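Chains, contacts and geometry: an overview
Listed below are the residues making up each chain.
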Amino acid sequence: MDTPVAEPTAQSPNPAPTTTAPAPAPAPAAATSTTTKPVHSLVIDANVIIKNDPSVSTLIAQAEELYTIPSVVSEIRDEATRLRFQTTLMPFLKFRTPRPESIKFVTDFARRTGDLMVLSKPDIHLIALTYDLECERNGGDWRLRKEPGQKSVNGASPAKEGEAKEEGATTETTEATPVQEKIEEVKQVEEQLEKLDIRSQEQETTPAPEEEEEEEEEEEENDGEASDDDGEWITPTNIKKVQARESTQIAPEPLQKTLQAALITSDMAMRNVSLRINLNLLDSSFARITVLKTWVLRCHGCWKVCKDTTKQFCPSCGQPTLTRVSCTTDAAGNFTLHLKKNFQFNNRGNVYSIPKPTHGTASGKNQNVKGGGKGGWGKELILAEDQKEYIKRAEEEKRTRYRDLMDDDYLPAILTGHRQGGTGNNRIKVGAGRNVNAKKRR
């Protein structure tokens, strides 16, 4: 029968090696791969997924590969958002964990910049993953910084270093040949001078006086042109040439058409650390962020900077002397504070001293004695972060912040008439306040 013979001939003896052969390892600088999208490897933060800004279609259209870490999924608590993530974006995502060396580097870097206390563990891992992809795509960390105060990047690109080595090798090989040529030329000239007659040479080389004057004028013109070329004198006739020559010497390097690795996030602390490392940073409109403006707290008592804007007491000296200050971080990694000119701290409310506390008795004789000054303003003052009054108020604020609206016993404040005091952001009142020693209205 023909069928048993046809079956073994249709099958190849070794089909697996032809289809599953490992591809050659890519070059260290994988940036040479042709791509039409502006970003090759994009790391996505959880806030981008939760807000859906930019949309999934924009992410796919602008980046070749999308990366994130597994712990980002646990930050999505809304059921509708989780369902949308699993059905639209998750099939295009690649989950990857950064290397421990990169996590240690980012942690040490954030500790030096003062952002470590604000960054969470997933935030550090996302920056470390971007660092890993940047090193893989560009063949090393030559365009990054190792320290916050570093003025320039770590080094030059591997392509430029290879060109410099090739030029050095060619110059070494060509240095020996010009010396030999010059020696041979000198020998030939000496032989020709010996053969020539000195008298005939004098007759032939005596120029007329008119010719001498013309030669002197030509030499002066040539000297003037040479001096102009050397840059010693700049005149209206040669200023354009000088400007063109200088502009070619200090021409800036062209920007990258395709970003090999980038991070997209709206967290200001993550942006600050990434920008100071010199990682590529994008906003929701896929515009590259080069200057970052944010706000920090600065203690006007000990001059320390606190990145946690929820603090009311200085972590260094413990005093309630924190003021809100604007700051910027540029592309060079420079962190600058913008202080007010002739700043004076408001000392209103510090005219009179704090009233003495009153104690109670076991017999209850002093029940009618309120104490604490007029109106009882000096009772239960909060002056430090470790006071029991401050800790109690902070715990109450946490309870009211996460109050269940579906509770049967809950009533909104508009019905109960309860109003929370403070400056609108429900911060705990520290000290006596500003209006204690203010004059009364007449």
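To be clear, the structure that these remarks concern was listed above.
Going along each chain's sequence as written, the residues are numbered from 1 onward. At least 70 in pLDDT is required for a residue's local features to be given in this predicted model, at least 80 for side-chain atom pairs to be given and counted, and no such filter applies to totals for whole chains, interfaces and linings, which use all residues. Each side-chain value is derived from all of the structure's non-hydrogen atoms; neither hydrogens nor water enter the calculation.

**Some thoughts on the state of the cysteines**
The condition that has to hold: Note on terminology: pairs of cysteine sulfur atoms within 2.5 Å are recorded as disulfides. For the exposure calls, accessible area comes from a 1.4 Å probe over protein chains only, and a residue counts as buried if that area is under 20% of its type's maximum, exposed if over 50%, partly exposed in between.
Throughout the structure, instances matching the rule amount to zero disulfides. C302 carries a free sulfur, and the closest cysteine sulfur to it, the one in C299, is 3.5 Å from it. On the accessibility criterion, C302 (24% relative accessible area) is partly exposed. For the unlinked cysteine C306, the closest cysteine sulfur is that of C314, found at 7.2 Å. We classify C306 as buried; its relative accessible area is 2%.

**Some remarks on the sheet that holds strand β5 (residues 280–282)**
Formally: Only strands that DSSP links by at least two bridges are regarded as paired with each other. Secondary structure elements are taken from DSSP: a helix is a run of H or I of four residues or more, a strand is a run of E of two residues or more, and numbering for both begins at the N terminus. Geometry is summarised by axes, namely lines fitted to C-alpha atoms with helices restricted to the contacting stretch, and by angles between N-to-C directions that run from 0 to 180 degrees.
Sheet architecture is open: five strands sit in the order β3-β2-β1-β4-β5, paired in parallel fashion. Edge positions in the sheet fall to β3 (93–95) and β5, since each has one partner strand and no second. Across the sheet, the axes of successive neighbouring strands diverge by a mean angle of 35°, strand direction being ignored. In this sheet, β3 lies alongside strand β2 (residues 63–68) in parallel orientation, the contact comprising three bridges. Pairing of T68 across the sheet is with F95, part of β3.

**Topic: the pairing of strand β4 (residues 259–264)**
Convention followed: For a crossover, the right-handed case is the one in which the path from the first strand over the helix to the second runs clockwise, viewed with the strands pointing away from the viewer.
Across the six residues that make up β4, a large majority, six, are buried. In this sheet, β4 lies alongside strand β1 (residues 39–44) in parallel orientation, the contact comprising five bridges. Following the sheet pairing, V43 is matched in β4 by L263. Bridging between β4 and β5 involves three bridges; their strand directions are parallel. The residue of β5 that forms the bridge with I264 is L282. Between the parallel pair β4 and β5, the chain is carried across by helix α13 (residues 268–277), and the sense of this crossover is right-handed.

**Considering the sheet that holds strand β8 (residues 322–329)**
In plain terms, the rule: Here, residues are in contact when the closest pair of their heavy atoms is within 4.5 Å.
Taken in spatial order, the four strands make up an open sheet running β7-β6-β8-β9, and their pairing is antiparallel. Unpaired on one side and paired on the other, β7 (305–306) and β9 (335–338) mark the two borders of the sheet. Of the strands in this sheet, β6 (292–299), β8 and β9 touch α13, which is tilted by about 105° from β6.

**Observations regarding the packing of aromatic side chains**
Keep this limit in mind: Aromatic rings from Phe, Tyr and Trp, taking only the six-membered ring of Trp, are treated as a pair when their centres fall within 6.5 Å; an angle between ring planes under 30 degrees marks them as stacked, one over 60 as edge-to-face, and anything in between as tilted. Should the NZ of a Lys or the CZ of an Arg lie within 6 Å of a ring centre and within 35 degrees of the ring normal, that charge is described as sitting over the ring.
Scanning the entire structure with this criterion turns up three aromatic pairs. Each ring, one from F313 and one from Y390, has its centre 5.4 Å from the other, and the planes form 90°; the classification is edge-to-face. Here the residue F313 occupies a position in the loop between β7 and β8, and Y390 occupies one in helix α14 (residues 388–401), the gap between them amounting to 77 residues. Taken together, the ring pairs in this structure connect F105, F109 and Y131 into an aromatic cluster. For the cation-ring pair, K307 lies above F335, with the distance from its terminal atom to the ring centre recorded as 4.8 Å.

**Looking at the packing of helix α7 (residues 100–113) against helix α8 (residues 121–138)**
The condition is simple: Handedness of a helix crossing follows the sense of rotation of the near helix relative to the far helix, less than a right angle counterclockwise being left-handed and clockwise being right-handed. All amino acids are sorted into three groups, where Ala, Val, Leu, Ile, Met, Phe, Trp, Tyr, Cys and Pro are nonpolar, Asp, Glu, Lys and Arg are charged, and the leftover types, Gly among them, are polar.
Close contact between α7 and α8 brings their axes to 8 Å; oriented N to C, the two are set at 115°. Between α7 and α8 lies a crossing of right-handed hand. Between α7 and α8, the residues in contact are S102, I103, F105, V106 and T107 and I124, H125, I127, A128, Y131 and D132, respectively. For the contact of α7 with α8, the class distribution of residues is seven nonpolar, three polar and one charged.

**Quick notes on the nonpolar core**
Worth spelling out the cut-off: Take the buried residues of types Ala, Val, Leu, Ile, Met, Phe, Trp, Tyr and Cys, join any two whose side-chain atoms come within 4.5 Å, and each joined set is a nonpolar core.
Grouped together as the largest cluster of nonpolar side chains are 48 residues, with contacts concentrated most on L42, I44, L66, L89, I127 and I277. Among residues more than four places away in sequence, those in contact with I127 are V106, L263, M270, V273, S274, I277 and L279. The next biggest cluster of nonpolar side chains, apart from the first, holds five residues, and it includes C299, C306, C314 and L322.

**Quick word on α8**
What counts, and what does not: Expected helix span is given by 1.5 Å per residue-to-residue step, counting one fewer step than there are residues.
Helix length check: α8, at 18 residues, gives a terminal C-alpha distance of 26 Å against a target of 26 Å (1.5 Å per residue), a fit within 8%. The buried fraction of α8 is high, at 16 of 18 residues. Positive phi appears at G139, one or two residues downstream of α8, with a value of about 75°.

**Examining the pattern of salt bridges**
Put simply, the rule is: Any Lys or Arg side-chain nitrogen found within 4 Å of a carboxyl oxygen on Asp or Glu counts as a salt bridge.
Scanning all chains against the criterion turns up nine salt bridges. Residue R99 is joined to D132 by a salt bridge in which the shortest nitrogen-to-oxygen separation is 3.4 Å. Highlighted residues: R99 in the loop between β3 and α7 and D132 in helix α8, separated in sequence by 33 residues. Taken together, the salt bridges that share partners define one network made up of R99, E101 and D132.

**A look at the environment of S41**
Within the secondary structure, S41 sits in strand β1. On the accessibility criterion, S41 (1% relative accessible area) is buried. Residues S41 and Y67 lie 26 residues apart in sequence; the distance between their C-alpha atoms is 7.0 Å. Residues contacting S41, with those up to four places away along its chain left out, are E65, Y67, L133, R137, L259, Q260, A261 and A262.

**A word on the pairing of β1**
In terms of residue burial, β1 counts as a mostly covered element, since six of its six residues are buried. Alignment of β1 against β2, held across four bridges, turns out to be parallel. When the bridges of β2 are listed, V39 appears paired with A63.

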